[in-house]
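The residues making up each chain are set out below.
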Amino acid sequence: MAATNTGPDGHGPRPRVGRHESPEERADRRWTDLLQEVRVAQTGSQILFGFLLSVVFMPRFSQLGGFDRGLYVATVVLGALATGSLTCPVAYHRIFAGRRLKPQLVDAAARLVTVGLVLLALTIGSALLLLLRVATNSSVAGWITAAVMLWFASCWLVLPVWHLYWHNGRGPRPPDDPDSRPPDDPDCDDHPHP
């Protein structure tokens, strides 16, 4: 049976052992982590947006019906908004640089990056719907797009929240999880040895 994540008295969540870093060190680490995350999302956003901009110049574009043209415009606007949100950390950094506001910089940029990820998912969904409507000329395009968007919601939201719930003291820990070992376990490096 797996041990649960309870405190020494057996009740309530066990206190999490974290890093020992100053607020400045924490802000620096969070900023570096945020930039790494943005690099991944930003690349995909910019490639998709560049492709969307070129579609209007293709010969088949003039054959699109009114709904598909509207969907295209909405997709391009969503792509532009996603790109703007995902590149915002650069502007924030330029404005906040040297003002000793790094924790505030990280918090504000992280919020806008989250907005950018939502906009990117919507851009991908609407681009997929447009592509499938043109390729199949069928109502199946909407169902396929809905399934893909459900997959995105699962990967980008449901699974991370579930893992957070699992590792935040509300669910049992896997037996091989080092945090599930008792504090007096000599193999456990998370707790000080006498």
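Residues numbered from 1 in each chain as written. Predicted model: local features only at pLDDT ≥ 70, side-chain atom pairs only at ≥ 80, totals over all residues. Heavy atoms only, no water.

**Description of the packing of aromatic side chains**
Moving on, step 1. The full count for this structure, using the stated rule, is four aromatic pairs.
Moving on, step 2. Summarising the aromatic geometry, the rings of phenylalanine 61 and tyrosine 72 are spaced 5.0 Å apart at their centres and angled 70 degrees between planes, so their arrangement reads as edge-to-face. Of this pair, phenylalanine 61 sits in the loop between helix 1 (23-55) and helix 2 (66-96) while tyrosine 72 is found in helix 2, placing the two residues eleven residues apart along the sequence. Like phenylalanine 61, the residue tyrosine 72 is buried in the burial classification.
Moving on, step 3. Measuring from ring centre to ring centre gives 4.9 Å for phenylalanine 152 and tryptophan 156, while their planes differ by 65 degrees; the resulting arrangement is edge-to-face. Taken as a pair, phenylalanine 152 and tryptophan 156 lie in helix 4 (residues 140-170) at a separation of four residues, close to a single helical turn.
Moving on, step 4. For phenylalanine 152, a relative accessible area of 18% gives the class buried.
Moving on, step 5. For tryptophan 156, a relative accessible area of 40% translates into the label partly exposed. (Phe/Tyr/Trp six-rings, centres within 6.5 Å; stacked < 30°, edge-to-face > 60°. Helix = DSSP H or I, 4+ residues; strand = E, 2+ residues; numbered from the N terminus. Buried < 20%, exposed > 50% of the residue type's maximum accessible area, 1.4 Å probe, protein only.)

**Some remarks on helix 3 (residues 102-136)**
Moving on, step 1. For helix 3, spanning 35 residues, the distance from its first C-alpha to its last is 49 Å, which sits close to the expected 51 Å at 1.5 Å a residue.
Moving on, step 2. One or two steps after helix 3, the chain reaches asparagine 137, where phi turns positive at roughly 50 degrees. (Expected span 1.5 Å × (residues − 1).)

**Focus: a nonpolar patch on the surface**
Moving on, step 1. Judged by side-chain polarity, Leu117, Trp156, Leu157, Val158 and Val161 come together as a nonpolar surface patch covering roughly 450 Å² of accessible area.
Moving on, step 2. Per element, the largest residue contribution to the nonpolar patch is four residues, and it comes from helix 4.
Moving on, step 3. Within the secondary structure, leucine 117 sits in helix 3. (Patch = residues over 30% accessible without salt bridge, like charges linked within 9 Å, V, L, I, M, F, W, Y side chains within 5 Å. Areas by Shrake-Rupley, 256 points an atom, 1.4 Å probe, with all protein chains shown as cover. Salt bridge = Lys/Arg side-chain N within 4 Å of Asp/Glu carboxyl O.)

**Examining the packing of helix 1 against helix 3**
Moving on, step 1. The geometry of helix 1 relative to helix 3 is characterised by a closest axis approach of 10 Å and an angle of 25 degrees between their N-to-C directions. Judged on the interaxial angle alone, helix 3 and helix 1 are roughly parallel. Judged by the sense of rotation from one axis to the other, the crossing of helix 1 with helix 3 is left-handed.
Moving on, step 2. Its residues placed into classes, the contact of helix 1 with helix 3 shows 17 nonpolar, two polar and four charged. (Axes fitted to C-alpha atoms, helices over the stretch in contact; angles between N-to-C directions. Parallel < 35°, antiparallel > 145°, perpendicular 65-115°, else oblique. Left-handed = near helix turned anticlockwise from the far one by under 90°. Nonpolar A, V, L, I, M, F, W, Y, C, P; charged D, E, K, R; others polar.)

**Examining the side chain of threonine 75**
Moving on, step 1. Position of threonine 75 among the secondary structure elements: in helix 2.
Moving on, step 2. Classification of threonine 75 by relative accessible area gives buried; the value is 0%.
Moving on, step 3. Among the polar contacts listed, one links the side chain of threonine 75 to the side chain of serine 126, at a separation of 2.9 Å.
Moving on, step 4. In this structure, threonine 75 is in contact with Leu52, Thr123, Ser126 and Ala127, ignoring residues within four places of it in sequence. (Polar contact = N/O pair within 3.5 Å; in protein donor to acceptor, adjacent residues only side chain to side chain. Contact = heavy atoms within 4.5 Å.)

**Thoughts on helix 2**
Moving on, step 1. Between the first and last C-alpha of helix 2 there are 44 Å, a value that for 31 residues agrees with the 45 Å anticipated at 1.5 Å per step.
Moving on, step 2. The principal kink in helix 2, of about 40 degrees, is found at threonine 87, preceding the proline proline 89 by one to four residues.
Moving on, step 3. With its phi angle positive at about 75 degrees, glycine 98 sits one or two positions after the end of helix 2. (Bend = angle between axes of the 7 residues up to and from the residue.)

**Some remarks on the pattern of salt bridges**
Moving on, step 1. Counted according to the given criterion, the structure contains five salt bridges.
Moving on, step 2. Between aspartate 107 and arginine 30 there is a salt bridge whose closest N-O contact spans 2.9 Å. Of the two residues, aspartate 107 sits in helix 3 while arginine 30 sits in helix 1, which places them 77 residues apart along the sequence.
Moving on, step 3. Assessed through its relative accessible area of 24%, arginine 30 is described here as partly exposed.

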